[in-house]
Amino acid sequence: MDVRFTWMLCVLCLVITVRAFTQEGFKEVLLKQLGLSEVPKLHKRDLVDLVIPDHVKNKYISMLKRHRVKRRALPSLAGILRGIPGNAGEVLYSDTTTRQNLIFDMEGRIPKNSEVTMAELKLFKKPLDRANLPAKQSHRPVSNARVSVYWVQRQHDGTNRTSLIDSRLVPIRESGWKNFDVTQAVHYWLRNKRREPMFLEVWIEGERVGSHASEMAKAVRFTSQDPKDKALGKPELVLYTLDLEDYGGPGDCKEEAVPGKSTCCRQKHYISFRELAWTQYWIIEPAGYEAYRCSGGCLQPPSPLRRFSYGERACAMAESSPLPMMYLIKRGNRTEIEAAEFPNMIVEKCSCVTDG
């Protein structure tokens, strides 16, 4: 790691600690890391017909999974949410993609005073019907299909906005359960606090560019939520939760403060990229994230120590973790998508530190 990059990380860490994840502080961090002097001038039209290249999508998913592994270990199983009876998600077919809509009734299903630490979408892949395979031709063999899961956010103007949640290659000729990590989608749903179901979309595409790969991918069929689909194994949403009474994160803020003691703690602080005017077209994924921030006061050293230039103690970030992101960049008249992991974006631990 060269000296310039090390210096830049130190500056970023200082900016985040001091600015405590204000909008301006967050903007400053992004611009510094990307080496930009101002936010790119992007508009909604820059997103029209924009396709995320496979290598960028795979890079982002890889970073996202590595990021999740570092989080809390799996707790015990809390419950299984199944599709809403009578509200069957439909299956749509196009020349290049099969899209399956899923609907899950979340209201009242998550226990109070609990935290969803992981959520899995389980889809049952039906046995291969060889009648759905294209005629044999002299093409490079295709063994897999690309299956991606998106969270669907319904806008007030009636349009939908999607966020990529998970993506993986699925063998075309194998049947059985396939699991996808949709924790981020459940967190988005909880953040929106709308009294409506959670909507997901499953996209089935070719594992590579080309008509033959697309035709092969059409042979992949998952059991749908439609009651008319008599196949066994309906889509399931499995939630893993922790009871915060027993497993509350150490150092996280609580409602009651103990008089005469330090109150420094980690407080929830959500940043929504969809709601910030300067990020809604710039940052493609994620839709937002729980950044946290340090809050509260610290017990100060006795006055004799202060006479020896022992500074005041303040509540500040002690540990942090990175955030994977996909964002747009402008190169002349071209708009492109890049993926990167930005350090020091999530506060993991707060503590009292001495100034100076």
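Scroll up for the structure.
The sections below set out a description of the structure shown in this document. What you see is a predicted model, and the numbers here were worked out from it, not measured in a lab.

Criteria and cut-off values
Residues numbered from 1 in each chain as written. Predicted model: local features only at pLDDT ≥ 70, side-chain atom pairs only at ≥ 80, totals over all residues. Heavy atoms only, no water. Disulfide = S-S within 2.5 Å. Helix = DSSP H or I, 4+ residues; strand = E, 2+ residues; numbered from the N terminus. Buried < 20%, exposed > 50% of the residue type's maximum accessible area, 1.4 Å probe, protein only. Polar contact = N/O pair within 3.5 Å; in protein donor to acceptor, adjacent residues only side chain to side chain. Pairing = 2+ DSSP bridges. Axes fitted to C-alpha atoms, helices over the stretch in contact; angles between N-to-C directions. Contact = heavy atoms within 4.5 Å.

**A closer look at the state of the cysteines**
Within this structure, the stated rule accounts for 4 disulfides. Between the sulfur atoms of Cys253 and its disulfide mate Cys265 the distance is 2.0 Å. Torsion about the S-S bond of the Cys253 and Cys265 cystine: about 90°, corresponding to right-handed handedness. Taken together, the positions of Cys253 in the loop between helix 6 (244-247) and strand 10 (265-267) and Cys265 in strand 10 put the pair 12 residues apart, joining distant regions of the chain. Taking the relative accessible area as the measure of exposure, Cys253 reaches 29% and is therefore partly exposed. Classification of Cys265 by relative accessible area gives buried; the value is 12%. Between the sulfur atoms of Cys298 and its disulfide mate Cys352 the distance is 2.1 Å.

**Considerations on the side chain of Gln225**
Tracing the backbone shows Gln225 in the loop between helix 5 (211-217) and strand 9 (236-243). In this structure the side chain of Gln225 is engaged in a polar contact, spanning 2.9 Å, whose partner is the backbone oxygen of Ile103.

**A look at the sheet that holds strand 12 (residues 283-285)**
Spatially, 3 strands are ordered 12-15-16 in an open sheet, and the strand pairing comes out antiparallel. Two strands bound the open sheet, and with one partner strand each, they are strand 12 and strand 16 (334-354). Within the sheet, the average angular offset between the axes of one strand and its neighbour, ignoring direction, is 45°. Sheet analysis places strand 12 next to strand 15 (residues 313-331), joined by 2 bridges and oriented antiparallel. From the neighbouring strand, Ile283 faces strand 15, where its bridge partner is Tyr327.

**Considerations on the side chain of Ser163**
With respect to the secondary-structure elements, Ser163 resides in strand 6 (residues 160-171). Polar contacts involving the side chain of Ser163 include one to the side chain of Arg274, which spans 2.8 Å. Contact partners of Ser163, with chain neighbours within four places excluded, come to Val149, Tyr150, Trp151, Tyr188, Arg274, Glu285 and Ala287.

**What to know about the pairing of strand 5 (residues 144-154)**
Counting buried positions along strand 5 gives 10 out of 11 residues, so the element sits mostly inside the fold. Pairing analysis gives 11 bridges linking strand 5 to strand 6, with the strands arranged antiparallel. Looking at the pairing, Arg146 lines up with Leu169 of strand 6. Where strand 5 hands over to strand 6, the hairpin turn is made up of 5 residues, of which Gly158 adopts a positive phi near 90°.

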